[in-house]
Structure formats: structure tokens, C-alpha cells
Number of protein chains: 2
Amino acid sequence: MTDNACATKRSSDPDPAPVIGELRSLLGDRIKTDEDIRESHAGDASYHKPMLPDAVVFPECNGEVSKIVKLCARYRTPVVPYGTGTAVEGGIVAVRGGVCIDLSRMKRVLRIGEADLDATVEAGVTRKQLNRHLEEAFTGLYFPVDPGADASLGGMAATRASGSAAVGYGTMRENVLGLTAILADGSIIQAGGRARKSSAGYDLAHLFVGSEGTLGVITEVTLRLARVPDAVSAAVCAFPDISSAVDAVLEMTSAGIEMARIELLDDVQMGAINAYSGFDYRVAPTLFFEFHGSESSVAERVAAARPVADRHGGEDFRRANGQRERDRLWQARYDAYYASQTMRPGSVGYVTDVCVPVSRLADCIHRTKKELKASTLIAPLFGHVGDGNFHVVFLIDPDRPEELAEAREFGERIVEFALEMGGTCTGEHGIGMGKLAALEQEHGEGVKVMRAIKKALDPHNIMNPGKVVEI
Amino acid sequence: MTDNACATKRSSDPDPAPVIGELRSLLGDRIKTDEDIRESHAGDASYHKPMLPDAVVFPECNGEVSKIVKLCARYRTPVVPYGTGTAVEGGIVAVRGGVCIDLSRMKRVLRIGEADLDATVEAGVTRKQLNRHLEEAFTGLYFPVDPGADASLGGMAATRASGSAAVGYGTMRENVLGLTAILADGSIIQAGGRARKSSAGYDLAHLFVGSEGTLGVITEVTLRLARVPDAVSAAVCAFPDISSAVDAVLEMTSAGIEMARIELLDDVQMGAINAYSGFDYRVAPTLFFEFHGSESSVAERVAAARPVADRHGGEDFRRANGQRERDRLWQARYDAYYASQTMRPGSVGYVTDVCVPVSRLADCIHRTKKELKASTLIAPLFGHVGDGNFHVVFLIDPDRPEELAEAREFGERIVEFALEMGGTCTGEHGIGMGKLAALEQEHGEGVKVMRAIKKALDPHNIMNPGKVVEI
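Counting starts from 1 at the beginning of each chain's written sequence and moves along it residue by residue. Both sets of labels track the order of writing: A upward for chains, 1 upward for ligands. Residue-level local features of this predicted model are given only where pLDDT is at least 70; pairs of side-chain atoms are given and counted only at 80 or more, and the full residue set underlies all totals for whole chains, interfaces and linings. Neither water nor hydrogens contribute to the side-chain values; these are computed over all heavy atoms in the structure.

What follows is about the pairing of strand 18 (residues 389-396) of chain B. Residue and element names in this part refer to chain B. Any residue under 20% of the maximum accessible area for its type is buried, any over 50% is exposed, and the rest in between are partly exposed; the area is computed with a 1.4 Å probe on protein chains only. Under the scheme used here, helices are H or I runs from DSSP no shorter than 4 residues and strands are E runs no shorter than 2 residues, and both carry numbers assigned from the N terminus. With respect to burial, strand 18 is a largely interior element, 8 of its 8 residues being buried. In strand 18, alternate side chains face the same way, and those of N389, H391, V393 and L395 on one face and F390, V392, F394 and I396 on the other are all buried. Strand direction decides the pairing type here: strand 16 (residues 348-351) and strand 18, joined by 4 bridges, are antiparallel. Counted as the bridge partner of Y350 is F394 from strand 18. Whether two strands pair depends on DSSP finding at least two bridges between them. Sheet topology places strand 17 (residues 381-384) next to strand 18; 4 bridges connect them, and they run antiparallel. By the bridge assignment, L381 is partnered in strand 18 with V392.

Now the structure itself:
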């Protein structure tokens with residue numbers, strides 16, 4: 001089921017056999033057409049209906065990706081880049097079939113710049129793999145962008161991912177310094193670079209970050225790293241209602257209390273987390289905090305945050321200072337999406353992702369919760385509130401299309417609220433195939449510019465067609 | 001004198017009289033064709049030879065800019081956006097004549113978001129004007145990007161400017177959240193927005209930031225603001241040689257000592273500053289520091305930085321804590337470019353602007369200084385060393401083309417050093433008309449992509465032709 005019927009496989013689409021034959025000569029057994037492998041590359045972690053690519057290829061270097069894309073270009077065969085399949089807007093669904101480029105064999109850490117706090121990795125390296133590498137090499141550095149899932153860094157760049165640490169460290173937008181991309185004609189370009197700043201021409205690195213495979217295949221990324229902080233302190237605090245929790249966040253951010261993470265979970269979500277992760281937290285709107293810095297600055301920040309929480313009715317302010325306790329806490333937060341799904345076994349999640357100016361967050365959540373009361377769907381709410389970003393997960397029965405329709409309609413309403421408030425239809429999940437209409441609503445004339453760029457760089461629309469913008 | 005003869009006014013360029021006539025009907029006396037006004041818009045603060053636009057227009061709103069561009073598009077007349085003319089790569093030189101759009105009448109502060117730490121301003125608002133506005137409204141906020149000159153914020157966005165505070169607060173790349181631009185067909189687009197993060201489609205805001213008027217006219221910008229820090233401390237410290245100073249910076253940044261500014265001035269530059277600003281600093285390589293934060297964190301940072309400076313032979317570590325003393329110090333730093341010009345009255349500056357990974361900075365400066373010894377030109381060196389960005393100002397006699405040739409050749413060599421070291425040909429000044437060849441050298445295949453984008457958005461090449469990329 002796609003949002004866009006035009007994007008689905010058409011009878012005029014070319015027969016994939018010839019390009020598959022040529023790719024087999026190039027890649028040997030690193031092209032797969034087995035049903036099970038095509039199925040495992042057909043859908044992501046969301047409600048979007050999987051659609052099979054005609055083949056899955058496993059290149060090992062830029063040159064191979066370039067050759068693959070050139071062959072696909074010659075046959076006008078769609079190209080769908082694939083990282084770990086952990087995204088949620090159907091970005092990797094092969095709506096017109098074609099060749100799925102699985103980048104999992106491009107998993108080398110190419111370079112660590114300890115003095116410059118940067119690293120260059122191949123696109124298939126996952127964030128946990130990079131962080132293990134940095135730890136094992138005793139660099140004292142890590143890559144802080146943390147979407148929860150152990151996503152590939154290429155995929156994270158392609159979707160402009162972020163997650164819980166964005167309030168402290170920024171998103172992929174701020175943390176990708178440069179990248180290598182293979183364009184629709186097979187050419188290999190380097191965008192951005194290692195210098196901390198540059199005014200050299202158009203900012204192609206930022207153009208490719210968030211382009212979701214529609215302008216090219218990202219094969220390498222140069223990332224900004226952070227120092228492992230000297231001190232870390234986490235805390236959990238329950239609030240009488242969501243508005244109080246959000247007001248506390250607003251007051252903390254306005255007061256300049258630097259936080260590495262600041263997450264909100266509503267009562268429904270807290271119940272799910274308790275059940276899924278074996279916690280005994282109060283089933284109430286709750287903030288999860290994390291502070292990073294020197295011992296003294298962390299102490300200063302916690303001391304500044306706590307009275308703000310108190311003033312807004314925060315209760316049961318529990319600190320979690322040990323690494324294990326913190327890991328368990330954050331794992332619970334990361335598992336929120338999966339925890340919520342256990343509230344309704346067999347369900348799939350339809351997840352919203354708006355982001356508004358922080359000053360409007362309470363209002364946006366309030367309107368959302370008010371409408372949720374009228375809905376029959378189970379729908380926990382959680383989010384990266386320091387950035388103004390929150391999610392509602394509608395747990396829908398995949399066999400009941402009326403539930404998807406209800407969730408979708410609701411999701412569209414939340415997008416309308418957010419846009420009215422100067423926000424965006426997606427804080428971190430991307431457009432994929434799920435939000436083409438919302439993008440038009442948000443950017444209007446700007447989408448024409450996006451389309452012009454897409455046409456200029458991919459005139460035959462072979463790069464992940466049906467995603468982000470239609471041409 | 002341009003780098004690119006093809007860009008200069010051609011006999012085939014259309015007669016400007018008809019478009020000027022239509023613009024006069026639209027704008028009344030807000031179109032000027034007087035020689036003196038055209039002259040005052042013909043060149044910037046650099047060695048690039050001024051070239052006159054055919055007319056200068058002074059629009060007051062987006063709608064007027066749109067109409068102006070539409071008229072120019074109809075007549076295929078070049079459009080050159082103009083802020084304050086304080087840049088140094090000839091970005092506003094009217095190499096093919098045409099209509100200069102002076103944005104100085106678009107100087108309204110449209111909105112301040114105190115809780116969200118953002119502001120939306122028209123492009124002609126200068127950074128000092130915005131900061132005065134923020135101070136007079138007692139917001140406790142300010143806009144930290146500081147290129148020295150009181151440039152317009154639209155112009156700063158267009159050139160992806162930065163300056164001395166970039167190490168602490170980022171450049172225009174990090175601080176422009178959104179913008180309004182008028183495209184070559186007169187359409188008005190909004191790019192980016194007020195949400196702190198977004199994955200909604202291609203990142204057009206970043207595409208326009210740094211596009212130097214070649215893709216459209218930036219008419220409004222939404223900026224991220226910073227809190228005026230509770231405590232500020234500045235310091236000046238002399239070093240026995242440049243390598244020691246740069247090594248100290250590298251050690252400080254690697255150790256995670258957060259600095260708001262960290263600037264290097266060589267002995268030649270210090271001599272010029274003493275003479276120009278009435279200081280009695282030691283004529284030796286010198287670092288200017290500034291630390292921002294809470295009282296305790298600033299004290300912590302100064303205490304951490306000082307022994308590092310000592311270890312690298314730093315002497316005469318002088319703190320400047322009072323506002324007046326600090327203002328005087330930084331004014332002296334900002335005046336470095338002008339101070340250097342007084343070393344050779346009547347000279348103009350040819351200023352280089354490479355930026356390398358910080359770990360390579362000492363090496364790059366060392367190679368540069370070594371070659372400088374063999375040159376006959378006076379050439380002070382200074383830079384934003386926390387970012388790896390430094391400038392050499394060759395003071396050349398405008399009537400001696402051989403001096404410009406020597407400076408140019410030298411500048412090209414410094415670019416080669418920087419590119420070999422993974423750096424960029426311009427950290428903050430832009431490409432303008434001065435660095436077209438360097439851009440090709442740096443980005444190779446990437447320039448083809450830039451050209452494709454330029455062609456897609458400005459097929460008749462009317463937007464600031466001859467700058468950034470030639471199509």
C-alpha cells in the first residue's frame with residue numbers, strides 16, 4: 001500500500017533479466033535473486049507494505065557501486081540503497097522493483113582523526129560498530145548521534161537521522177562533515193571535506209544528507225566525533241501532566257541548562273516500558289534527562305535542573321549515575337517503539353514525527369492528546385522534547401485497513417498542527433514514500449526546486465524512485 | 001581584472017535601457033543609474049577590480065525583489081545582490097553589468113523568538129543592528145557569528161561567513177535555520193524553517209547558504225541566537241614562534257577546553273596592530289582567547305588553558321576581563337586587515353583564506369611562512385586557528401600588476417598546500433570571482449554537480465553570473 005500509486009511497478013518498467021545478467025558477471029555470487037533475500041530487503045520497520053526488489057547486490061567498494069549504478073542507468077533500472085532497514089517511512093521499499101544495493105559489506109572504518117575529532121567510514125558501518133572501534137582503540141572519542149536502532153551511518157546520513165542526543169550534539173546534518181556519493185550516471189563525487197568550515201561552492205554534503213537515496217548512493221561519510229565526557233549523570237522524573245513536563249523542559253532550555261538528552265514519555269508509554277523492560281516507574285508523564293560535561297559542570301547542571309522540575313510538580317526525581325543503570329534506562333527508552341508494540345500483539349506501528357519550535361511544543365502535544373482521546377486506537381506518545389520533536393505510535397492491526405486509514409488521517413492532522421506552529425512534518429524519519437503530500441504542504445514552491453534538482457541529477461528517475469519527490 | 005575573461009561584459013549582452021525603464025515604472029526613484037551610486041556598488045573590500053552595474057535598485061519587500069528579478073529574467077539582464085560590499089572575493093562585482101539589488105532598505109527585524117532562541121530578519125539587517133535590537137529589548141540574547149565587518153545578515157548567509165567566534169558558535173552554515181529566497185524566475189521560496197531539526201526533503205536552506213547570489217536572492221533569514229554568557233574572559237598570550245602557538249591551540253582543542261574564540265596573529269600583524277590601535281603588545285606570534293560560560297566554567301577553562309600555553313612557551317599571559325578592555329582587544333583583532341594595509345599606504349590587500357584540519361594547521365602555516373621568506377611582498381598572517389582557518393594578506397600596489405601576479409601565484413600555492421592536507425581553498429570568504437579555478441581543483445567532479453544545479457535553477461545564467469561556477 002503506497003501513498004502514491006504512480007510510484008508502483010508499472011508494466012512499462014523494463015524486464016530486469018538483462019541487467020541482472022550483467023550484474024552477475026560483475027559481482028558473481030554477490031548478486032542475489034532468491035526470494036528470501038529479496039523479501040528481507042523489501043520493507044522497513046514500519047507499516048509500509050513491503051515490495052520486492054528484483055535483485056539484491058552486495059558491493060564492496062566505491063568502484064563496484066559506480067559500475068552497478070552505470071549498468072542500472074543503461075537499463076533504466078531503479079536503484080534502491082539499503083543500510084539496515086531500520087527506518088520507518090518506507091524509504092527502502094522497492095516500489096518499482098529494481099536493484100537493491102545492500103551496503104553491509106562496505107563496513108570498513110577508513111580513518112580516525114583523533115586530534116581533529118573526526119572519522120571516515122564506509123556507509124555500511126553501523127553506529128555501534130564505530131563506537132566499539134573507537135573504544136577499543138582507546139581514542140576517548142565516540143559518535144554521539146543516536147537514533148536508538150543500530151543503524152548504518154550511511155543510512156543515517158541519507159535520512160538525516162537524529163534521536164535522543166540531538167539536543168546536545170546535533171543531528172546528522174551537523175555531524176556529517178563530508179561524504180562520497182555515487183550519482184545516477186555512476187560518477188563518484190566527494191562532497192564537503194575534513195576542514196571544520198568551508199565556503200567553497202554549493203554545500204553538496206548537506207544536499208545529500210537527507211536526500212534518502214534519491215540523488216545518489218552515499219558510500220562513505222566523514223563524521224564529527226565527540227569526546228567521551230568526563231562525567232555523565234542521568235535522571236528520571238515524573239510529572240502530574242504532560243504540560244507540566246514540557247513547561248519544565250522549556251524553562252530549562254530557555255535558562256541555558258545544557259542537556260545531552262531530554263526525553264518525554266507519556267503515561268501510556270511508561271506503562272508499556274514497565275511491562276517490556278521490567279521497570280517499576282510511575283505510570284505518569286515522565287522526563288528522562290542526561291547531562292554530560294566535567295564533574296563540576298554536570299553537578300551545576302543537575303543542580304539547576306532539579307528545582308525547575310520541582311517547580312513544575314516533578315516528583316520522584318531519581319538519578320542514575322552508574323553506567324549500567326544508565327544503559328538500562330536508555331535501552332528502555334530506545335525500546336519504546338518495540339515496547340509499545342507489545343501492548344497490542346501482532347500490531348504494526350504507524351509513527352508520527354512532527355517537530356515544532358520548542359515554545360509551541362506544549363500546545364502541539366496538548367492538541368494531539370486532546371484528539372487522541374476521541375480515537376479508538378492505542379497510541380503512546382514520546383519524543384525528543386528538547387528539540388521540539390515528538391512521536392505518536394498508532395498500534396494498528398495490519399489486517400484492518402480502516403485502522404491504518406484512521407491513523408493516517410490522524411497523522412495528517414498532527415502535521416497540520418505542526419505546520420501551523422512553524423514546525424515540520426518530520427523531525428528525523430524522513431519523507432520516504434509516506435510523506436510526499438506532507439512535504440508539498442510544508443514546502444510548497446520549495447518542492448519545485450527539489451524536483452528541479454532531482455531532474456538535473458537523475459533525469460531518468462532511477463535513484464530510489466517514488467521517494468521524497470516525484471518527477 | 002577578473003580570473004575569468006568569459007565572465008566580463010560581452011557585446012552580445014542586452015541593452016539595459018528597456019529593463020531600466022520598466023524598473024523605473026515599478027520603483028520610481030528607488031532605481032539609480034547615477035555614476036556615483038553605480039561606482040559605490042561596483043567593488044568590494046578587496047583587490048578585485050570594480051565593474052559597474054547598469055543600475056542599482058533598492059527594493060523594500062519580497063514582492064518587489066520578485067518583480068525585479070522577473071523583469072531581469074525577461075530581458076536576460078544579470079542580477080547582482082548587494083549587502084554591504086564588505087566581502088573580499090569580488091562576489092558583488094558586476095562583471096556583466098546588469099541590475100544590482102541593494103538590500104539595505106530591507107532592514108526590518110521581523111520576529112524575535114525569545115523562548116526558541118531564534119530571530120527572523122530581512123536580509124539588509126546588519127549583525128550589529130540585530131545585536132543592538134536584541135540588547136535594547138533586554139532579551140539576554142545575541143547573534144554570535146562575527147566576521148568583523150558589520151556585514152548584512154543576508155550577505156553573511158550568501159557567503160557562508162564566519163569569523164572569530166566560529167570555533168565556539170559555528171558559522172552561518174550552523175546558524176541559519178531558514179531563509180526566503182527569490183529565484184531566477186521570480187518565484188519566492190521558503191527553505192528550512194523554525195524547527196530545530198527536520199528531515200523534510202532536500203536541505204535547500206544549506207544549498208542557498210554559501211551560494212553567493214548565484215541561485216537566488218536571499219531576502220530573509222531565520223537565525224539561531226545565543227544567550228549572552230554569564231561570564232566572559234579574554235586573554236592574550238605571546239609565543240616564541242608560530243609552531244608553539246599552534247601546538248598550544250591543538251592541545252587545547254584536543255583536551256576539550258571549550259573556547260568561544262581563539263585567534264592567531266603573527267609578529268608582522270602584531271606590529272601593525274600596535275601601530276594602528278595604539279597597543280604595546282610584544283611583536284611576536286600571539287594568541288587571542290575568549291572563554292564564555294558560567295562563572296565557574298569560565299574559571300575552569302582559563303585554568304585549564306593557561307598551563308597548556310605555558311608548556312608551549314607562552315609568555316605574558318594577560319587577561320582582559322572588563323568589557324571595555326575586551327572590546328578594545330577584539331576591535332584590534334577585527335582591524336587586523338585594515339591595520340595591515342597601513343603598513344603600506346595606498347596598497348590593496350590580496351587575502352588568502354585556506355582552512356585545514358586543525359592537526360595539519362602548524363604544518364600548513366609553516367610551509368606558508370617558509371615560502372613567505374622568499375617573497376618580496378609584505379604579508380602579515382592571522383587566523384581563526386581553532387577552526388584551522390588562516391589568512392595571509394599580501395599588500396600590493398594596485399598599479400603594479402606584477403605584484404598582484406606574485407600574490408596570486410602565492411595564493412594558489414597555499415591552496416595547493418591546504419588541499420594536499422585535506423583542507424579547503426576558502427574557509428569563509430567564498431569563491432566569488434577569485435577562486436573559480438581553486439573550486440575546480442578542490443571539488444573536481446563535484447563542480448559538475450554544482451553546475452547542473454545552477455543550470456536547473458538559473459537556466460539563463462542571470463543570477464550573479466561569473467561567480468562560483470560558470471555555466
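Moving on from the coordinates now.
All names here are of chain A. Among the 5 residues in strand 6 (residues 118-122), 5 count as buried, and that is most of the element. Of the two faces of strand 6, the one lined by D118, T120 and E122 and the one lined by A119 and V121 are each fully buried. Connecting the antiparallel pair strand 5 (residues 109-113) and strand 6 is a turn made up of 4 residues, with L117 showing a positive phi of about 55°. In this structure, strand 6 lies alongside strand 10 (residues 216-224), joined through 5 bridges in antiparallel fashion. Among the inter-strand pairings, V121 is bridged to a residue of strand 10, identified as V221.

Residue and element names in this part refer to chain B. Strand order in the open sheet formed by 7 strands is 15-12-14-13-17-18-16, and the pairing between neighbours is antiparallel. A strand with exactly one partner marks an edge of an open sheet, and here the two such strands are strand 15 (315-320) and strand 16. Each neighbouring strand pair of the sheet contributes to a mean axis angle of 20°, computed without reference to strand direction. Pairing of strand 13 (residues 261-265) with strand 14 (residues 286-293) involves 5 bridges; the strand directions are antiparallel. Bridge pairing in strand 14 links I262 to F289. In what follows, a contact means two residues having at least one pair of non-hydrogen atoms within 4.5 Å. Each axis is a line fitted through C-alpha atoms, taken for helices only over the stretch in contact, and angles between the N-to-C directions span 0 to 180 degrees. Contacts from helix 9 (residues 242-254) reach strand 13, strand 14 and strand 17, with the element oriented near 170° to strand 13. With respect to the sheet, helix 10 (residues 267-277) is in contact with strand 13, strand 14 and strand 17, its orientation differing from that of strand 13 by roughly 95°.

Superposition of the copies used a least-squares fit over C-alpha atoms from residues whose pLDDT is at least 70 in both. For the pair chain B and chain A, the best superposition has an RMSD of 0.0 Å and corresponds to a rotation of 180° with a translation of 0.0 Å parallel to the axis. Both copies of the chain, as the preceding transformation shows, are related through a two-fold rotation axis.

Okay, the packing of aromatic side chains next. Residues and elements named next belong to chain A. In this analysis, rings of Phe, Tyr and Trp, with Trp reduced to its six-membered ring, are considered paired at centre separations within 6.5 Å, and the interplanar angle assigns stacked below 30 degrees, edge-to-face beyond 60, and tilted for intermediate values. On inspection of all chains with the given rule, the structure shows 20 aromatic pairs over all chains. Between Y281 and F288 the ring centres are 6.1 Å apart and the planes differ by 55°, which places this aromatic pair in the tilted class. Sitting over the face of the ring of W330, R261 holds its NZ or CZ atom 4.9 Å from the ring centroid. Note that R413 overlies the ring of F410, its terminal NZ or CZ placed 5.1 Å from the centroid. Here, over-ring charges are defined by two tests on the NZ atom of lysine or the CZ atom of arginine: distance to the ring centre within 6 Å, and angle to the ring normal within 35 degrees.

Between chain B and chain A, the residue contacts involve 75 residues of the former and 75 residues of the latter. Here chain B and chain A share an interface that buries about 5,700 Å² over both sides, 57% of which is from carbon and sulfur atoms. By buried area we mean how much accessible surface two parts lose on assembly, using a 1.4 Å probe and totalling the loss over both. When residues of chain B are sorted by the area they lose upon contact with chain A, K197(B), S199(B) and Y202(B) head the list and together hold 17% of the total. Here, a salt bridge means any Lys or Arg side-chain nitrogen found within 4 Å of an Asp or Glu carboxyl oxygen. Here chain B and chain A share 4 salt bridges between them. The partner of K197(B) in a salt bridge is E428(A), with the nearest N and O atoms 3.0 Å apart. N or O atoms within 3.5 Å of each other form a polar contact, as long as, within protein, one can give a hydrogen and the other can take it, and as long as residues adjacent in sequence are counted only when both atoms are side-chain atoms. The tally of links between chain B and chain A comes to 34 residue pairs in polar contact (both at pLDDT 80 or more). Elements with a minimum of two residues in the side of chain B that touches chain A: helix 7 (172-175), strand 9 (188-192), helix 8 (204-208), helix 9, helix 11 (295-311), helix 16 (436-443) and helix 17 (445-457) of chain B.

To continue, consider helix 10 (residues 267-277) of chain A. All names here are of chain A. Among the residues of helix 10, those classed as buried are Q269, M270, A272, I273 and N274. On its buried face, helix 10 is in contact with strand 13 (261-265), strand 14 (286-293), helix 12 (323-334), helix 13 (336-342) and strand 17 (381-384). N-cap assignment for helix 10: the residue whose side-chain oxygen lies 3.2 Å from the backbone N of V268 is D266. Following helix 10 by one or two positions, G278 adopts a phi angle in the positive range, close to 70°.

Bringing the side chain of D116(A) into the picture now. Relative to the elements of secondary structure, D116(A) occurs in the loop between strand 5 and strand 6. The class for D116(A) is buried, based on a relative accessible area of 8%. A distance of 3.0 Å separates a polar atom in the side chain of D116(A) from a polar atom in the side chain of R194(A). Of note is the side chain of D116(A), whose polar atom sits 2.9 Å from the backbone nitrogen of V358(B). For D116(A), the contacting residues outside a window of four places in its chain are R194(A), R196(A), P357(B), V358(B) and S359(B).

Geometry of a packed helix pair, given as the angle between the helix axes and the separation of the axes. Interhelical geometry of helix 17 (residues 445-457) of chain A versus helix 17 of chain B gives an angle of 130° and a closest axis separation of 9 Å. As far as their axial angle goes, helix 17 of chain B and helix 17 of chain A are oblique. The handedness of the crossing between helix 17 of chain A and helix 17 of chain B is right-handed. Where helix 17 of chain A approaches helix 17 of chain B, its residues V449(A), A452(A), I453(A), A456(A) and L457(A) are matched on the opposing element by V449(B), A452(B), I453(B), A456(B) and L457(B). The class makeup of the residues in the contact of helix 17 of chain A with helix 17 of chain B is 10 nonpolar, no polar and no charged. Roughly parallel here means an angle under 35 degrees, roughly antiparallel means over 145, roughly perpendicular means 65 to 115, and every remaining angle is called oblique. Take the far helix as the reference: if the near one is turned anticlockwise from it by less than a right angle, the crossing is left-handed, and if turned clockwise, right-handed. Ten residues, namely Ala, Val, Leu, Ile, Met, Phe, Trp, Tyr, Cys and Pro, are considered nonpolar, four, namely Asp, Glu, Lys and Arg, are considered charged, and the remaining ones, Gly among them, are considered polar.

So, on to the sheet that holds strand 12 (residues 231-238) of chain A. Residue and element names in this part refer to chain A. Taken together, 7 strands build an open sheet; the order of strands is 15-12-14-13-17-18-16 and the sheet is antiparallel. The two strands at the open ends of the sheet, each matched to only one other strand, are strand 15 (315-320) and strand 16 (348-351). Averaged over neighbouring strand pairs, the angle between their axes works out to 20° when direction is ignored. Sitting on the sheet, helix 11 (residues 295-311) is in contact with strand 12, strand 14 and strand 15, with an inclination near 155° to strand 14. Of the strands in this sheet, strand 12, strand 13, strand 14, strand 15 and strand 17 are in contact with helix 12, which crosses strand 14 at around 130°.

Let us look at empty space enclosed by the protein. Residues and elements named next belong to chain B. Method remark: on a 1 Å grid restricted to protein atoms, a set of points is classed as a cavity if a 1.4 Å probe fits but cannot get out and as a pocket if it is open with protein on both sides within 12 Å along at least five of seven lines; lining residues have an atom within 4 Å of a point. Grid points are joined across faces, edges and corners, and a volume is the space filled by probe spheres set on the points. As enumerated under the stated definition, the model contains 5 cavities of 30 Å³ or more in all. Its volume calculated, the largest cavity comes out at about 870 Å³. As for the largest cavity, its lining consists of 50 residues, of which T86, A87, V88, P147 and T159 are closest to the centre. Among the elements of the structure, strand 3 (79-82), helix 5 (153-159), strand 10 (216-224), helix 12 (323-334), helix 13 (336-342) and strand 17 are those that each provide at least two residues to the lining of the largest cavity. A total of 5 residues in the lining of the largest cavity trace back to one element, the largest contributor, which is helix 5. Grouping the amino acids of the lining of the largest cavity by side-chain chemistry returns 22 nonpolar, 22 polar and 6 charged.

Without other data, these values stay purely geometric and don't point to any function.
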